[in-house]
Amino acid sequence: MMRRLFNRFFVVTSLFLSSFGLATAQEHTLDGQETHQEQKEKFNVGEMIMHHIRDDRGWEFAHGVTLPLPVILYTADRGLEVFSSSHLNHGEVYNNYKSEHGHLYRVNEAGEPLKDVKVYDFSITKNVASLMLSAILLILIFRSVASGYAKNKGKAPKGLQSFLEPIVMFVRDEIAKPNLGPQYEKYLPYLLTLFFFILINNLLGLLPGGANLTGNIAVTLVLAVITFFVVNLNGNKHYWAHLVKPTGVPVALLPIMIPVEIVGVFMKPFSLMVRLFANITAGHIIILSLISLIFIANNLGGSATGWGISLIVAPFTIFMNLIELLVAFLQAFIFTLLTSMYIGSAIEDHHEADHGIGYEGPEAH
Amino acid sequence: MDLLTPDIGLLFWQIIIFGALFFILSKFAWKPITQSLKERETNIQSALDLAEKTRQEMALLKADNEKLLAEARSERESILRGAKEAADRLVADAQQKAQVEANRILEQARESMQNERQALVTSMKKEVVTLSLDIAEKVLRRELADQSAQEKLVQDLVANSRLN
């Protein structure tokens, strides 16, 4: 349901964006089949944007410069198979496999897809490669920071250590401590990992040719599910009691409130997942759309118009990139903050989770 | 690889890599970093506490010193006062003694002078007596004839000799 809704929304958006391209393509139909094909390939904005924000089998740094990545497949009959993604370029068939819009199918000799063969795709895609890169970067960076503490023991921090220390302390003092109280040390490693993982992947995603990792639903889903488990496995009796008997709610409203509370348990991580995914993906779409304007103008009014428009578009793109830089920090902060707030609400000891709207009377506070 | 359907491959790798990242960073990065931060904070706190304690001790010491100084000053004053009193007393004693001595000497002198004068008077009287006897002898020898004149002369002589 949700997926269909979003797809429809996306189709509408991409239709709107590519309407210029389509219009011109239609104008040029008379010029012949070849030109028509070329124009259509050049100016399909929706396709271009989707190509950039989606996962990919190879890592395309620039047009035509692609790093092939390993394809890892598991099928019940053939077991594990590993081969380079370059074999599947342009819809080629390799080992009876064919890639179509990112999905791998087993095909028969005639090239028809065999729908009954289930293919489990564990390929190192562009996103997985970027994920590994970010993990290695994080480990290298924080190993060096940690060794800085051993080396500069009792001295002022130096270099990378002094750059990252305020951020670590920010996570500890502004995110973990106020929300988690005295038990913050137990959850601090998770919050720090979460914050720096999201931050570095947001920033890597902003680089030209970078993968849109934190704008991928699978990644945000895993993060949200981990948060869900951390919150619910650590929830104390107040948390669960609040779920089935919200304080300060009249008995008549309980049939409504209990389902709302239970939905809330799942809605919290769901909102985390969608928020990060949508923010990062939307940012990428906006920047790509702005850049597409140049090509649309080029197509409409020739290269002079394209150059003219680019002068207007470039400042906007720079501005958007700066906004995205802000968003990269902001979303890492928000995800971590909300996670710590959810954990905090699940582990807090006192019973006043109704934030002062209950019927305890003035003497209770 | 649709936008809204999570790929099983990416899910798998994300769980594996994020989990590994969490354990590696927790063990090798977050633990030493947070520990060092905490250690440093406690160090700074204890250094600040120590400074505050030292400051208080210094203030206490200063107060002590001042008290000691004041005591020393008052003691010095009392010693000085005592010394001055002793000196004054000494001087007064000496003066008194000198006075007494002088008085004694004066008295002695006066006494001896008195004695001298007494002796002188006695010897003078003897002298006068001798002289008178001599005179009387001479008068007697010359004016033995006139009895009344002789007596009168003797009486006058005696009266005059008493004037001393």
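Residues numbered from 1 in each chain as written. Chains lettered and ligands numbered in written order. Predicted model: local features only at pLDDT ≥ 70, side-chain atom pairs only at ≥ 80, totals over all residues. Heavy atoms only, no water.

Named according to an unreviewed UniProt entry, chain B is ATP synthase subunit b originating from Rudanella paleaurantiibacter. Annotation of chain B in UniProt includes, under Sequence similarities (unreviewed entry), the sentence "Belongs to the ATPase B chain family." (UniProt positions renumbered as here; feature names shortened; annotations may be inferred.)

Chain A has the name ATP synthase subunit a in an unreviewed UniProt entry, where Rudanella paleaurantiibacter is given as its organism. Quoted verbatim from the Sequence similarities (unreviewed entry) field of the UniProt record, the comment on chain A reads "Belongs to the ATPase A chain family."

Enquirer: It is not clear to me how the overall build of chain A should be interpreted in this structure. Could you clarify?
Expert: From N to C terminus, chain A includes nine helices and eight strands. By the burial criterion, 42% of the 365 residues in chain A qualify as buried. Taking contacts inside chain A between residues at least 6 apart in sequence as the whole, the part at least 24 apart equals 63%. Only carbon and sulfur atoms are counted for the fraction: they give 67% of the accessible area of chain A, which is about 19700 Å². (Helix = DSSP H or I, 4+ residues; strand = E, 2+ residues; numbered from the N terminus. Buried < 20%, exposed > 50% of the residue type's maximum accessible area, 1.4 Å probe, protein only. Contact = heavy atoms within 4.5 Å. Areas by Shrake-Rupley, 256 points an atom, 1.4 Å probe, with all protein chains shown as cover.)

Enquirer: Mind showing me how you'd approach the pairing of strand 6 (residues 97-100) of chain A here?
Expert: Working note: regular strand, side chains alternate between the two faces of the sheet. Residues and elements named next belong to chain A. Side chains of strand 6 alternate between two faces, with Tyr97 and Ser99 buried and Lys98 and Glu100 left unburied. Count of turn residues in the strand 5 (residues 93-94)/strand 6 antiparallel hairpin: two residues, of which Asn95 carries a positive phi of about 50°. In terms of strand pairing, strand 6 meets strand 7 (residues 103-106) through four bridges, oriented antiparallel. Each residue of the ladder has a partner; that of Ser99, found in strand 7, is Leu104. (Pairing = 2+ DSSP bridges.)

Enquirer: Help me out: how do you make sense of the UniProt feature "transmembrane region" (unreviewed entry) in chain A in this one?
Expert: Residue and element names in this part refer to chain A. The UniProt record marks residues 128-146, 187-207, 213-233, 276-297 and 309-338 with the feature "transmembrane region" (unreviewed entry), using the residue numbering of this structure. Across residues 128-146, the secondary structure splits into 100% helix and 0% strand, with the terminal C-alpha atoms separated by 26 Å. Secondary structure across residues 276-297 comprises 100% helix and 0% strand; the distance between its end C-alpha atoms is 32 Å.

Enquirer: What is the right way to read the sheet that holds strand 7 of chain A from this model?
Expert: Pairing between the strands of a sheet is mediated by backbone hydrogen bonds and can be parallel or antiparallel. Residues and elements named next belong to chain A. On the basis of which strands lie adjacent, the open sheet formed by three strands has the order 5-6-7 and antiparallel pairing. Every other strand in the sheet has two partners, leaving strand 5 and strand 7 as the edge strands with one partner each. With two bridges joining them, strand 5 and strand 6 adopt antiparallel strand pairing. Within the sheet, the bridge partner assigned to Val93 lies in strand 6 and is Lys98.

Enquirer: What is the right way to read the nonpolar core from this model?
Expert: Nonpolar side chains tend toward joint burial in soluble globular proteins. Membership of the largest hydrophobic core comes to 81 residues, with the highest contact counts inside it found for Phe142, Phe196 and Phe197 of chain A together with Ile33 of chain B. Those elements that place two or more of their residues in this core are helix 3 (45-53), helix 4 (126-151), helix 5 (160-180), helix 6 (184-206), helix 7 (217-234), helix 8 (237-244) and helix 9 (254-347) of chain A together with helix 1 (8-142) of chain B. The dominant element in this core, judged by the number of residues it contributes, is helix 9 of chain A, at 17 residues. What Phe142 of chain A contacts, discounting residues up to four positions off in sequence, is Leu164, Val168 and Phe196 of chain A together with Leu25, Ala29, Trp30 and Ile33 of chain B. If you look at the next biggest cluster of nonpolar residues, it comprises seven residues, including Val71, Leu73, Leu88 and Leu104 of chain A. (Core = buried A, V, L, I, M, F, W, Y, C linked by side-chain atoms within 4.5 Å.)

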